[in-house]
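Here's the letter readout for the chains.
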Amino acid sequence: MNHLLVLPIILPALTAALLLFCGRQLGLTRMLSLISTAVLLAVSVSLFLDAETGAFQTYALSDWVAPFGIVLVLDRLSGLLVLLTAVVALAALIYAMQGWDTRGKYFHALFQFQLMGINGAFLTGDLFNLFVFFEILLIASYCLLMYGFGERRLRASVHYVAINLTGSAVFLIAVSLLYSVTGTLNMAHLAEVVAQSAPEDIALIRSSGLMLLGVFGIKAALFPLYFWLPAAYSSASAPVAALFAIMTKVGVYAILRFTTLIFPDNAGPAAVLTTPWLLPVAIVTLILAALGALAAKRLLELFAYLTIASVGTILIAVSAGGVAGLSGGLFYLIHSTLIMSALFLLAEMIGQARGEAQDQLHQGPMLLKPVSLGIAFLLAAVIVAGLPLSSGFLAKLMILQSAMPSSSMPWVWGSILVSSLFVLITLSRAGSMIFWKTSHETSPQAVAPDGLRWLPVVGLLGCSLLMVVYAAPLKHFTDATAQQLSTPSQYIKAVIGQTTDRAPRPLPGEAK
Amino acid sequence: MELLLSTALGIVTACGIYLILRGRTFSVVLGLSLLGYAVNLFIFAMGRLVSGRPPVITEQALSYADPIPQALVLTAIVIGFGMTGFIVELALRTRHETQSDHVDGQESKPEQEGKRG
């Protein structure tokens, strides 16, 4: 048993507990938090390299064997996402250390709890444990969202907390419904039992599957359930918004895991459960997000809509393109997480360099450092809009190609190309508004971004450029990940294969 | 017992959903708590309604009371309690900062202010 596997959860948890005792000693908390996140990055690189070989790793907590105890499972997908979380977290943390973390007492502790929840959600192999980690990451995100207070943040928080609490209630209903029919909570075991379920249970299984899709849709910000996101993300502080770039991906991850493992589309009682919903919903999400971006009045709001658009694009790819689409969607997921988190950081730097006009999209004073900020904005806009030779372009190309043989090809091509055009228009309009249509004086409140603020932004943009340079090995990896996801039997065998006596026990009350 | 439990669950859930859809933070908080209670009972019921049975399967026992949903309910109650505490504090803070207990932080129709009280 590889004990490294539990570190991405234990390490932030212990660091957070330690940080709570440090109180207001800023230097100490910063150092602890930074060291812990750097170690987390090293651990996730090592886990990623382990997962990249294609072998599954399981970690039975307290050594209880799989379907009876809680297991952590590492496969290519979770390895990738844990690594991505660590990269984004390190960037957000370095940025937060330039001043944001002094505005409240427990920023670093909350930040570490957030990482614990996210990593736990990616690694766990147990459905109820997934719920618990969702709650951990949610309560940390509630506090982080409000971090710094202010009226707008509080207003956005009320909506965010209310919809997520309702989502948690529905999640619990779905989980217990599934348990009442299958008698297990282990995801691999669930997959096995669901595949062999009796005909009279199918209706309940299908309804709990759709409820789960709804719950994960809230987290991922899918069409009818995304209205909380623009207000929440655009009012969060910059490092928090940058970290939240990975949060919608938690929902996407859960949808991917469930549609490939427990409710596979091609066979079993749950066949054709999610496809009739997922593709249309994803297309509508993408189109509405592009329109929302066009209508945005602030730069941060624009980027929040781009986050929603990225979720729409990933789920279109996943639901329309088969294995190749899954691979393209994963490529797009890596690209969009990195670039969105860079954009949220950049937006605040631009806002500060403009002074009191902040990130409002109207004519304002001249920026401090217009050249370096302008180049960074141009580069980021090119990448996020997917112009040729950027990582976004490669990802969208893979998605469009994967949808070629599908019958829904006109819809996929139409929505992705039209939304790309909208995003391009809105970004060029925002860029010319901020950098060109300015008065000749700078504002007295303007603050020029200093060197250390540039570090995370340049780092994240550099990661996006590296994605282009190393596109071929990365594509091999996403192909292999998609292949692994679409053969759930491997996952089931790796998790519960060694436990032979795992037939569901008779339900209580049935034996009279 | 089945009829009693299912009607109780249905009524509590319906009240909870109605309250969540109201415009004031206080009713939303109440609604979320009611929904939480209903969900906890629901989880409990998903282990089947059995009484007077041991929670452990033995050779002699003819039937058993499923212990897992009971453990799940405990976890859900603890999480729900924490979340309720949090949203109460959040609602108070919002009321304090925005001078309004509307969920949007502002009155939607100022002319109806008097009527609503």
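Source: prediction; values computed, not measured. (Residues numbered from 1 in each chain as written. Chains lettered and ligands numbered in written order. Predicted model: local features only at pLDDT ≥ 70, side-chain atom pairs only at ≥ 80, totals over all residues.)

Draft legend 1. Just the interface of chain B and chain A, in detail. Contacts between chain B and chain A engage 35 residues on the former and 25 residues on the latter. If you list the elements that add at least two residues to the side of chain B that touches chain A, you get helix 2 (25–45) and helix 3 (67–98) of chain B. Element by element, the count of residues in the side of chain B that touches chain A is highest for helix 3 of chain B, at 13 residues. (Contact = placed C-beta atoms within 7 Å. Helix = DSSP H or I, 4+ residues; strand = E, 2+ residues; numbered from the N terminus.)

Draft legend 2. Examining the environment of Pro67(B) more closely. All names here are of chain B. Along the chain, Pro-67 turns up in helix 3. What makes Pro-67 partly exposed here is the crowd of 14 C-beta atoms within 10 Å. Taking C-alpha positions, Pro-67 is 30 Å from Ile-87, a pair spaced 20 residues apart along the chain. (Buried ≥ 20, exposed ≤ 12 C-beta atoms within 10 Å, placed from the backbone.)

Draft legend 3. Representation of helix 1 (residues 7–22) of chain A. Residues and elements named next belong to chain A. With 16 residues, helix 1 extends 22 Å between its outermost C-alpha atoms, agreeing within 8% with the 22 Å of an ideal straight helix rising 1.5 Å per residue. Within helix 1, the full set of buried residues consists of Leu-7, Pro-8, Ile-9, Pro-12, Thr-15, Ala-16 and Leu-19. Next to the buried residues of helix 1 lie helix 2 (26–52), helix 3 (76–96) and helix 4 (107–123). In the stretch just after helix 1, Gly-23 is the one whose phi turns positive, near 60°. (Expected span 1.5 Å × (residues − 1).)

Draft legend 4. Just the environment of Gly148(A), in detail. Residues and elements named next belong to chain A. Within the secondary structure, Gly-148 sits in the loop between helix 5 (127–146) and helix 6 (151–182). Linking Gly-148 and Ala-55, residues 93 residues apart in sequence, is a C-alpha distance of 44 Å. With residues up to four places along the chain from it excluded, the contact list for Gly-148 reads Arg-103, Gly-104, Arg-153 and Ser-237.

Draft legend 5. Broad picture of the pairing of strand 4 (residues 438–442) of chain A. Residues and elements named next belong to chain A. For strand 4, the buried fraction is low: zero of the five residues fall into the buried class. Bridge count for strand 3 (residues 364–366) against strand 4 is two bridges, and the pairing is parallel. The partner of Met-366 across the bridge, within strand 4, is Thr-442. (Pairing = 2+ DSSP bridges.)

Draft legend 6. Molecular detail of helix 4 of chain A. Taking 1.5 Å of rise per residue, the 17 residues of helix 4 of chain A would be expected to cover 24 Å, and the 24 Å separating its terminal C-alpha atoms lies within 8% of that figure. Across the 17 residues of helix 4 of chain A, 17 count as buried, placing the element largely inside the fold.

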